[in-house]
Amino acid sequence: MSEVVNYTVDGNIGVISVDNPPVNALSQPVRQGLHDAISAAQSDACQAIVLICAGRTFIAGADITEFGKPAVEPLLSDLLNFIESSGKPVIAAIHGTALGGGLETALSAHYRCAVANAKVGLPEVKLGLLPGAGGTQRVPRLAGVQAALDLITSGDPIPASRAHELGLIDKIVDGDLREEALAWARELVEQGAAPRKSSEQAIPEFDPAIFDGYRAALEKRARGQIAPQHIVACVEAATTHSFDEGLAVEARLFWECMKSPQSAAMRHLFFAERQAAKIDGLPKDTPLRSIESVGIIGGGTMGGGIAMSFANVGIPVTLIEIDGEALARGLSIVEKNYAAGVKRGKLSEEKAAKCRALIDGSTDYATLADVDLVIEAVFEDPELKKTIFARLDSVCKPGAILATNTSYQDVNQIAAATERPEDVIGLHFFSPANIMKLLEVVRAEKTADDVLATCMALAKRIRKVPVMSGVCYGFIGNRMLGPYFREAQLCLIEGATPEQVDTAMEAWGMAMGPVRVADLAGIDVGYKARQALPESERGDPRSYRVSDVLAEMGRLGQKTGSGFYRYDPETRKHANDPAVVEIIEREAAAFGIERRAIPDEEIVDRLIYALVNEGMRIIEEGIAQRPGDIDIVYVYGYGFPVARGGPMHYAEAIGHQRVYERVLEFRDRYGAEAWTPAPLLEKLATA
Ligand code: 3HC
Ligand code: NAI
């Protein structure tokens, strides 16, 4: 029939098979092939049609690479109406993941079976879109309004068993899917089963107040995003309009989303994430080292969370601490975290117990003799880290990977403390390490290719999103945070309050304003880091003086109950503290600064363009492989709003020239030391 869609007849059943690797996306040739196959099946002798896919999955959705380009017929929604109008029953046979347009295709079939480990979902919202081929109209008819809203606004896939309960799948099959689907098709023919159109099912009863409830919840959960609100409107339309009218509402809102900068940003992130996993110049077939056991040194804030990340996927961990007391403390935090997960319904008690049992503790480095990977997560003290790596060198087996979770230290120097620098790498997790998705994989000068490739693959195994960084102070993410925090602090001393800075940034979309982030991370962290540097390297004193004062007062942030804000000991809710504004005013006066009203727009531009300018330097220096890698770091590690696509995408979307001109304006107003445009920004702006 075509290269990507095959049609054969098996006895009295027509079999349409899609074969479009890697994920059977609905590219134009697939849509055309499906159209032609359904047409052919209408006029031959078959009595029912099975729709199945080759390779690792059922159709995983529309072809995202076609988005943003002119639509080419047949359009997916037309094709699916055509499939549904087939005079012969169509049976979809699902394995792998039926996602987006893939699930919509299955819903346009008249019957659906799936293997038990299949998953289905409508992830369009994660691309700033909504299901545009009937998903918002057919799901509420089959599964009810609440299930439809849950499925489509979350974008999270559900297992076949749940889809079966909801009525999205009719039958779960064991054994060979093709054989089972054919047998079921024959059964249906024997029973005289007619085509059963999802579009003609009545929507189960529901409470009409549900829509406003979702609108309000989504306003909080997906602040500023248009697609989730449009999804609610589409599902509501399914309940108030005919199927065809509902489809028209869906189509109008789908195209509105598709043309939005939000969707462009989120589609960019989809591809950037996949690209970030690839290392330029590293052969795809680079051999991987086997990682079946892990040692972690330091069971503090980071070590415990890192241990959980491995245990959660079944990899045993040995946690090393300085003494029995510290070890007991570390293990008890891990235990508490698992218990909290069980309480919140994140995992079952049984699963928690299984994971917990995989984490063993010791105070003896000799227990690391056989582990495949060690991750050091002790205090941020370069000398201590070097001593530990020298010790690991003498304890660990040849071929073990030796990693550091350092936030700032030079991984080359840490590697040089061993006789095997090729086995040393940085694995920079983010706090809380068992939850945050980002993993910066820091390639040192001598890191071996197979060590790097192993760590990139391992990240995926422990469900992290890896981004490679070169060695520099703070790697990609924390290095960029320097100028971002600098501007936040300068805005404070020049006239803003902590609340104004945070509210401006949160209204723009950041998950948490920078001043609250400083309180959360601990004001002492930056303070100690500055103290370790000669004064000439600490930067503009106006940008850290207030922090230093707070640190010296013992106001270290959330952990001490006060920092830039005061914190309720029970709820941890923050409150403004007039005493801090007084400190800011006093320090401003000491610098001779006359405080002024700073517009929110200036706060946002200064903070975000400071990120962008540093990001440009990071690209120029080859610390990050590509701008998209930086975007992934910021979205997954720093709460940057997905609908803005990361700082580098945002700069491109706004226009490099506009960013450049604003940077020049800031340079003229605030000085060249902070605001000299990166040569790459200048080049892009003037290209
Ligand atoms: N279109 C085009 N390319 C796609 C694609 C799609 N829908 N889905 C995946 N790919 C590509 C990836 O870019 C990647 O390419 P690469 O090898 O060149 O980097 C390759 O397929 C493999 O993808 P993954 O690395 O993600 O493979 P995994 O096995 O880890 O995951 C998956 C497979 C779960 C299917 C995952 O790829 C995924 O979630 N895909 C997107 C699904 C999706 O969003 N579908 C909805 C699309 S929008 C839609 O359908 C609109 C409709 O309502 C009109
Ligand atoms: P922490 O102070 O919470 O924990 C450090 C632990 O290391 C302590 O429990 C201590 O007893 C233990 N330790 C010290 N010396 C040891 C030794 N010789 N052998 C075994 N254990 C020893 O520190 P945290 O926050 O977990 O940081 C650890 C590392 O992770 C640092 O390098 C830090 O820069 C980095 N990091 C921290 C992040 C954070 O948000 N806290 C985020 C990302 C990285």
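Owing to the predicted nature of the structure, the values given are computational and were not obtained by experimental measurement.

What counts as what
- Residues numbered from 1 in each chain as written.
- Chains lettered and ligands numbered in written order.
- Predicted model: local features only at pLDDT ≥ 70, side-chain atom pairs only at ≥ 80, totals over all residues.
- Heavy atoms only, no water.
- Phe/Tyr/Trp six-rings, centres within 6.5 Å; stacked < 30°, edge-to-face > 60°.
- Helix = DSSP H or I, 4+ residues; strand = E, 2+ residues; numbered from the N terminus.
- Buried < 20%, exposed > 50% of the residue type's maximum accessible area, 1.4 Å probe, protein only.
- Lys NZ or Arg CZ within 6 Å of the ring centre and 35° of its normal.
- Pairing = 2+ DSSP bridges.
- Axes fitted to C-alpha atoms, helices over the stretch in contact; angles between N-to-C directions.
- Near = heavy atom within 4 Å.
- Polar contact = N/O pair within 3.5 Å; in protein donor to acceptor, adjacent residues only side chain to side chain.
- Nonpolar A, V, L, I, M, F, W, Y, C, P; charged D, E, K, R; others polar.
- Areas by Shrake-Rupley, 256 points an atom, 1.4 Å probe, with all protein chains shown as cover.
- Lys, Arg positive; Asp, Glu negative; His and termini not counted.
- Salt bridge = Lys/Arg side-chain N within 4 Å of Asp/Glu carboxyl O.
- Contact = heavy atoms within 4.5 Å.
- Patch = residues over 30% accessible without salt bridge, like charges linked within 9 Å, V, L, I, M, F, W, Y side chains within 5 Å.
- Charge placed at Lys NZ, Arg CZ, Asp CG, Glu CD.
- Core = buried A, V, L, I, M, F, W, Y, C linked by side-chain atoms within 4.5 Å.
- Domains from an automatic or database assignment.

Visitor: So, the packing of aromatic side chains: which residues are in play, and what are the values?
Guide: Considering all chains together, one arrives at twelve aromatic pairs under this definition. When the ring of Trp508 is compared with that of Tyr650, the centres are 5.1 Å apart and the planes differ by 85°; the resulting orientation is edge-to-face. Highlighted residues: Trp508 in helix α19 (residues 498–508) and Tyr650 in helix α26 (residues 647–654), separated in sequence by 142 residues. Of the two residues, Trp508 and Tyr650, neither departs from the other in class, the shared state being buried. An aromatic cluster is present here, built from Phe430, Tyr634 and Tyr638 joined pairwise through their rings. The aromatic ring of Trp675 is capped on one face by Arg486, whose charged end is 5.7 Å from the ring centroid. Over the ring of Tyr670 we find Arg606, and its NZ or CZ is 4.0 Å from the ring centre.

Visitor: So what's going on with the sheet that holds strand β2 (residues 13–18)? Residues and values would help.
Guide: Judged by pairing direction, the sheet is mixed, and its six strands sit side by side in the order β1-β2-β3-β4-β6-β9 without closing on themselves. Across the chains shown, the open sheet's two edge strands, defined by having one partner strand only, are β1 (5–10) and β9 (171–173). With strand direction ignored, the average angle separating the axes of adjacent strands in the sheet is 25°. Pairing of strand β3 (residues 48–53) with strand β4 (residues 90–94), which is carried by three bridges, proceeds in the parallel orientation. Bridge pairing in β4 links Leu51 to Ala92.

Visitor: I'd like a rundown of the site of ligand 1, residues and numbers included.
Guide: The local shell around ligand 1 holds 26 residues, among which Arg56, Glu104, Glu124, Arg274 and Lys278 are the closest. Between Ala60 and ligand 1, the recorded distance is 3.0 Å, taken from a backbone N or O atom to a nitrogen atom. The separation between an oxygen atom of ligand 1 and a polar side-chain atom of Glu104 is 2.7 Å. Elements with a minimum of two residues in the shell around ligand 1: β5 (97–99), α3 (101–108) and α11 (261–276). No other element matches the three residues that α11 contributes to the shell around ligand 1. Here the residues of the shell around ligand 1 are counted per class, giving 14 nonpolar, five polar and seven charged.

Visitor: Help me get a handle on the site of ligand 2, residues and values and all.
Guide: Neighbouring ligand 2 are 22 residues; Met302, Glu321, Glu380, Lys385 and Ser407 lie closest to it. Interatomic distance of 2.9 Å between a backbone N/O atom of Thr301 and an oxygen atom of ligand 2. For ligand 2, an oxygen atom lies 2.7 Å from a polar atom in the side chain of Ser407. Its free accessible area being 830 Å², ligand 2 has 80% of it covered by the protein chains. Going through the elements one at a time, α12 (301–311), α15 (382–395) and β15 (424–429) are the ones with two or more residues in the shell around ligand 2. Here the shell around ligand 2 takes three residues from α15, the largest share from any one element.

Visitor: Describe the side chain of Arg538, naming the residues involved and giving the relevant values.
Guide: Along the polypeptide, Arg538 turns up in the loop between α21 (523–531) and α22 (545–552). We note that Arg538 is buried and unpaired, the nearest opposite charge coming from Glu535 at a distance of 4.5 Å. Polar side-chain contacts of Arg538 include one of 3.1 Å to the backbone oxygen of Leu533. Apart from residues no more than four positions distant in its own chain, Arg538 is found in contact with Arg530, Gln531, Leu533 and Tyr544.

Visitor: So what about a negative patch on the surface? Which residues, and what values?
Guide: On the surface, Asp174, Asp176, Glu179 and Glu180 cluster together into a patch of negative charge. Tracing the sequence through the fold places Asp176 in the loop between β9 and α7 (177–190). Residue Asp176 is classed as partly exposed on the basis of its relative accessible area of 44%.

Visitor: I'd like a rundown of the nonpolar core, residues and numbers included.
Guide: A general tendency of soluble globular proteins is for nonpolar side chains to be buried together. Within the largest apolar cluster, 89 residues are counted, with the highest numbers of intra-cluster contacts made by Ile16, Leu34, Val50, Phe58, Ile91 and Leu168. No other element matches the seven residues that α7 contributes to this core. For Ile16, the residues in contact, after removing those within four places along its chain, are Val5, Asn6, Tyr7, Leu34, Ala37, Ile38, Ile49, Val50, Leu51 and Ile52. Residues Phe430, Ile476, Val580 and Ile623 belong to the second largest nonpolar core, which totals 74 residues.

Visitor: Just give me the short version of the domain arrangement of the protein chain, but keep the residues and values in it.
Guide: Buried accessible area, meaning the area lost when the parts come together, often serves as the stated size of an interface. Entries for the protein chain in the domain assignment read domain 1 (5–258), domain 2 (294–469) and domain 3 (477–622 + 655–686). With centres defined by C-alpha atoms, the gap from domain 1 to domain 2 works out at 42 Å.

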